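What the coordinates show
Below, each chain spelled out in residue letters.
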Amino acid sequence: MAQTTATDLPPLLDHHTELVKQRGEVNQSENEREPSTEVDPIDVEAGPQEWSEFTWRSAIVGSLLGCVVAASNFYLGFKVGWTFGASIFAAVFTFGILKPLSRLLPLALGGRYFGPRENVTAQTAASTSGGLSVGMITAIPALYRLGLMSDDVMDDILRLTMWTICASSYGMFFAVPLRKLFVVKVDLPFPTPRATATTIKILHSTASGEKNAMASVKLMLCAFSLSTATSLISYWVYIFEKVHVVYWVGKAVGSAYLQTADATWGWFFAPNFAFYGAGFITPPNILLSFLLGSVVAFGIGGPTMLNSGYLVSALGWGKSGNGSAQSWWFWPGIALMLFTAFAELAVNWRLLATAGGGVIRQFISSIQTAAKRLRRRGRGESSEALVVDGTVSDDETSTAAKNKEIIDDPVPPELQIPTLWWTSGLLVSIVLTCFVMGFFFGIPVYQSLLSIVFAFLLSLVGIIAAGQTDINPISTLAKVVQVTFAKMPANSLEDLQRADLLCAAVTSSAANQSVDMIADLKTGHLVGASPRSQFLAQLVGTGFAIVTNVLFFVLFAKAYPCIVKVEETCEFGLSPILGWQNVTLLLTKSTFIPPSSVYTAIVCAVVSVVYVFVKTYYIPEKLHYLLPNLNAIGLGFIVPQPSTPLAMVMAMVGSQVWKRIHPKSHESFHVAVASGAIAGVGITAVIRAAMKLANVPDRLVTFNCPVDAMGKIACVI
């Protein structure tokens, strides 16, 4: 699932974790589990022989479905700072598309058996093409907002494309040497990858599984159609976008407070199906924590400070005096998220140390066995080909026996990823990154190399965090990487800021891709799929991702200039962009932060650390789902749009009611409904952006819009 994904807080798919637990796949908590060296793949029931695990039909269909997810991630990333993974969505939808076609089409047109391992190929391609938006919704827009790129994004298409190519490749190549440790040896829970594997097994093993899959696809299409229709209508009819109940109630009873709460502070209802979909599949404690953060910052604290005269406005940046509520609460929110991530790392130090040692030993083993093979070739001796991750050939078992750290791999050598593939690919990527960063952006080679090293280290952190909790903290931790690059020498302030943002963005994007690839490899391992086929699928998905992500970014930036330019109002929250932008300013310039905001941030940091330690060591893991989520509270401080968590919580309540009334149908179909709703808004967001560029008139029906002091209609942006 979550690719955090770029995001500040990827939500969990709790339903799937529950499904896996019910089937005995996960039976211990994160804190109770000890790393295991025995991980058996899920046995897929005997069926027709799969013609090939990697096929162009599965790679292309999966990549196209991933592009739909990418569109949704751009919208949700700009709006609230969350992204969603494509794994289960693509696994089910690909099955619904290719299974019937495999029976209907002639052999020449791809009408051959569609099996579980090919399903994994499609899911991997979708995960790749849908998960490359990290840099484009964080650091890249921040560069523009700081004036470090061209005035027109169209002038930077080549630079953006080359940077995206560089940032997109490391995930594949880093994941290969990490596979044996995190997929084969260390048995982390990996909730969503395990759930995806279980889902694929069920789809292909029983007639009822196929029937449910087809029903899920139909529900996805229904939710997608309804979501697309309402989102498109909202372009012209305002009430389909925002419902100002609180404002009009306040106007009826003469309450200026209620009117201001709605029109100024954002406490209105947003009938947005993307938010509803997110609310359907995000755990209640995360959503309620998100709403709590909004209540504290923009329901109580912000209005109180503004009414007292301490703050000068509700929203905006660069205001005089102590600034706005948005800028004041930003730093406590960042402190909550950052120090929570640090504390989570601290309590998992043993696993981090074990992982680091394991990676070092695997690399040493790979070098030793490769050197031995070269010596044999030099002497004219024959030896079997050596494949990935230090796996030794049969005639070198004596060497393996001497090194207990060499991990047995259940995957046959011919299905593994050849060492030459990932080592040569990694070398080419490093050279290309140094060239692109230097030629197009003027960044020294040593800084580019350092960003790659940081990417690998953060990959370890992200894999462990996502493997245990499904939450990827890399986007938050990448801000710490900015501290390092902010201290590097530079010819000017602009050069320093550009290098700081781009190097940290390479680190973040590469590490996020590594986490996603390891998650996909885990799913493949549990299903018994070929890592080589998954690697090829990711290559195809990466090609789609490079093109679509650059196009989506340019489209959104041209249609909504506030994404790349500092403007007074913007219909997007831009929380991840503002995070990168303001941390860069803080590290490279003398930025004024009100002392009270600093003190509050310090308190939040201390509370975060204490909270994580108490939760980990003194509260039973089975009760953690009842506890507040500090990351979500911090996000509520940062996103100045309370209507977003309000809509999500409303959907969560609806989902819980459905679960109580009809638990079986909820378990089977609520993710399908949510996925279709989110995808519909994502696709419509692209269409709406294109209509804005074409100057298609919007908001033709302004019923429900608030009015200003002069009695004129003033629709909220």
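Residues numbered from 1 in each chain as written. Predicted model: local features only at pLDDT ≥ 70, side-chain atom pairs only at ≥ 80, totals over all residues. Heavy atoms only, no water.

**Focus on the overall build of the protein chain**
When helices and strands are tallied, the protein chain shows 25 helices and zero strands. For the protein chain, the proportion of its 717 residues judged to be buried stands at 61%. For the protein chain, the computed accessible surface area is about 27600 Å², with 65% contributed by carbon and sulfur atoms. (Helix = DSSP H or I, 4+ residues; strand = E, 2+ residues; numbered from the N terminus. Buried < 20%, exposed > 50% of the residue type's maximum accessible area, 1.4 Å probe, protein only. Areas by Shrake-Rupley, 256 points an atom, 1.4 Å probe, with all protein chains shown as cover.)

**Some thoughts on the state of the cysteines**
Inspection of every chain in the model, using the stated rule, returns two disulfides. The disulfide bridge from Cys 562 ends at Cys 570, spanning 2.0 Å between sulfur atoms. Negative torsions about the S-S bond denote left-handed disulfides, and the value of about 45 degrees found for Cys 562 with Cys 570 makes this one right-handed. Sulfur-sulfur distance for the disulfide between Cys 705 and Cys 715 comes to 1.8 Å. One quick way to see it: the torsion about the S-S bond of Cys 705 and Cys 715 is about 90 degrees, and its sign makes the bridge right-handed. Taken together, the residues Cys 705 in the segment after α25 (663-693) and Cys 715 in the segment after α25 connect sequence positions ten residues apart. Should the bonded cysteines of the protein chain be numbered as they appear in the sequence, the pairing reads 1-2, 3-4. For Cys 166, which is in no disulfide, the shortest distance to another cysteine sulfur is to Cys 434 and amounts to 8.9 Å. For Cys 166, a relative accessible area of 3% translates into the label buried. (Disulfide = S-S within 2.5 Å.)

**Side note on the packing of aromatic side chains**
The full count for this structure, using the stated rule, is 31 aromatic pairs. Summarising the aromatic geometry, the rings of Phe 439 and Phe 440 are spaced 5.0 Å apart at their centres and angled 85 degrees between planes, so their arrangement reads as edge-to-face. Judged by relative accessible area, Phe 440 falls into the buried class, the value being 17%. A connected cluster of aromatic rings, assembled from ring pairs, spans Phe 74, Tyr 75, Phe 78, Phe 552, Phe 556, Tyr 560 and Phe 572. Looking at Lys 79, its charged tip hangs above the ring of Phe 572, at a distance of 5.4 Å from the centre. When the ring centre of Trp 421 is taken as origin, the NZ or CZ atom of Arg 532, which lies over that ring, is 5.1 Å away. (Phe/Tyr/Trp six-rings, centres within 6.5 Å; stacked < 30°, edge-to-face > 60°. Lys NZ or Arg CZ within 6 Å of the ring centre and 35° of its normal.)

**A short note on the nonpolar core**
In this structure, Phe 553 and Phe 556 are the most contacted members of the largest nonpolar core, which totals 154 residues. Among all residues touching Phe 556, those that are not within four sequence positions of it are Phe 74, Phe 78, Ile 563, Phe 572, Ala 685 and Val 686. Core analysis: the second largest hydrophobic core is formed by 19 residues, Phe 89, Val 92, Leu 98 and Ala 213 among them. (Core = buried A, V, L, I, M, F, W, Y, C linked by side-chain atoms within 4.5 Å. Contact = heavy atoms within 4.5 Å.)

**Digging into the pattern of salt bridges**
For side chains of opposite charge, pairing can occur when their charged atoms come near one another. Applying the stated criterion across every chain, the model contains nine salt bridges. Linking Asp 495 and Arg 498 is a salt bridge whose minimum nitrogen-to-oxygen distance equals 3.0 Å. Here Asp 495 and its partner Arg 498 are both found in helix α19 (residues 493-527), three residues apart, which amounts to about one turn of the helix. With relative accessibility at 28%, the residue Asp 495 sits in the partly exposed group. Connected through salt bridges with shared partners, the residues Glu 241, Lys 242 and Arg 699 form a single ionic network. (Salt bridge = Lys/Arg side-chain N within 4 Å of Asp/Glu carboxyl O.)

**Notes on the packing of helix α11 (residues 273-281) against α25**
One can describe the packing of α11 onto α25 by two numbers: an axis separation of 7 Å at closest approach and a directional angle of 155 degrees. On the basis of their axis angle, the class for α11 and α25 is roughly antiparallel. Of the two elements, α11 crosses α25, and the hand of that crossing is left-handed. On α25, the residues that touch Phe 273, Ala 274, Gly 277, Ala 278, Phe 280 and Ile 281 of α11 are His 670, Val 671, Val 673, Ala 674, Ala 677, Ile 678 and Val 681. Tallied by class, the residues present in the contact of α11 with α25 amount to eleven nonpolar, two polar and no charged. (Axes fitted to C-alpha atoms, helices over the stretch in contact; angles between N-to-C directions. Parallel < 35°, antiparallel > 145°, perpendicular 65-115°, else oblique. Left-handed = near helix turned anticlockwise from the far one by under 90°. Nonpolar A, V, L, I, M, F, W, Y, C, P; charged D, E, K, R; others polar.)

**Here's the deal with the confidence of the model for the protein chain**
Residues with a pLDDT of 70 or more make up 86% of the protein chain, whose mean pLDDT is 83. Here residues 1-46 is a poorly scored stretch, pLDDT under 50, and it has 151 contacts once near neighbours within four places are set aside; other chains count. (pLDDT = per-residue confidence, 0-100.)

**Focus on unusual backbone geometry**
A positive phi is found at Leu 574, a non-glycine position, where the angle reads about 55 degrees. With respect to the helices and strands, the residue Leu 574 is situated in the loop between α20 (531-559) and α21 (575-588). On the accessibility criterion, Leu 574 (4% relative accessible area) is buried. Its identity as a non-glycine residue notwithstanding, Arg 699 has a phi of 50 degrees, on the positive side. With respect to the helices, strands and loops of the structure, Arg 699 is situated in the segment after α25.

**A look at the environment of Cys 166**
Residue placement: Cys 166 occurs in helix α6 (residues 157-185). Considered as a pair, Cys 166 and Ile 430 are 264 residues apart in the sequence and their alpha carbons are 8.2 Å apart. Once residues lying within four places of it in the same chain are set aside, the contact partners of Cys 166 are Leu 432, Thr 433 and Val 436.

**Section: the packing of helix α2 (residues 56-79) against helix α3 (residues 87-104)**
Orientation of α2 relative to α3, taken along the N-to-C sense of each, is 140 degrees, at an axis distance of 10 Å. Considering their axes alone, α2 and α3 lie oblique with respect to each other. The way α2 lies across α3 gives a crossing that is right-handed. Along the contact surface, α2 presents Arg 57, Ser 58, Val 61, Leu 65 and Val 69, while α3 presents Phe 89, Ala 90, Phe 93, Thr 94, Ile 97, Leu 98 and Ser 102. Its residues placed into classes, the contact of α2 with α3 shows eight nonpolar, three polar and one charged.

**Considering a nonpolar patch on the surface**
Where nonpolar side chains cluster on the molecular surface, the patch consists of Val 598, Tyr 599, Ile 602, Val 606, Val 610, Phe 613, Val 614, Tyr 617 and Tyr 618 and spans about 910 Å² of accessible area. Within the secondary structure, Val 606 sits in helix α22 (residues 595-618). (Patch = residues over 30% accessible without salt bridge, like charges linked within 9 Å, V, L, I, M, F, W, Y side chains within 5 Å.)

**Observations concerning α3**
An α-helical turn contains 3.6 residues, so a residue and the one three or four places further along point in the same direction. Its 18 residues place the ends of α3 26 Å apart at the C-alpha level, agreeing with the 26 Å of an ideal helix rising 1.5 Å per residue. Approximately 25 degrees is the largest bend angle found in α3, and it occurs at Phe 95. Burial runs high along α3: 13 of the 18 residues are buried. (Expected span 1.5 Å × (residues − 1). Bend = angle between axes of the 7 residues up to and from the residue.)

**Focus: α6**
The terminal C-alpha atoms of α6, which comprises 29 residues, lie 43 Å apart, in line with the 42 Å expected from a rise of 1.5 Å per residue. Within α6, the axis deviates most sharply at Leu 178, by approximately 65 degrees. With 24 of 29 residues buried, α6 is to be regarded as a mostly interior element.

**Topic: the side chain of Gln 513**
Its location among the elements puts Gln 513 in helix α19. Filtering out sequence-adjacent residues up to four positions away, Gln 513 remains in contact with Thr 128, Gly 131, Leu 132, Ala 167, Ser 168, Gly 171 and Gln 538.

**A short note on the side chain of Ser 313**
In this structure, Ser 313 sits in the loop between α12 (284-307) and α13 (325-347). For Ser 313, a relative accessible area of 16% corresponds to the buried category. Looking at Ser 313, its side chain comes within polar contact range of the main-chain oxygen of Leu 315, at 3.0 Å. Each residue touching Ser 313, except ones within four places of it in the same chain, is listed here: Leu 306, Lys 319, Gly 323, Ser 324 and Ala 325. (Polar contact = N/O pair within 3.5 Å; in protein donor to acceptor, adjacent residues only side chain to side chain.)

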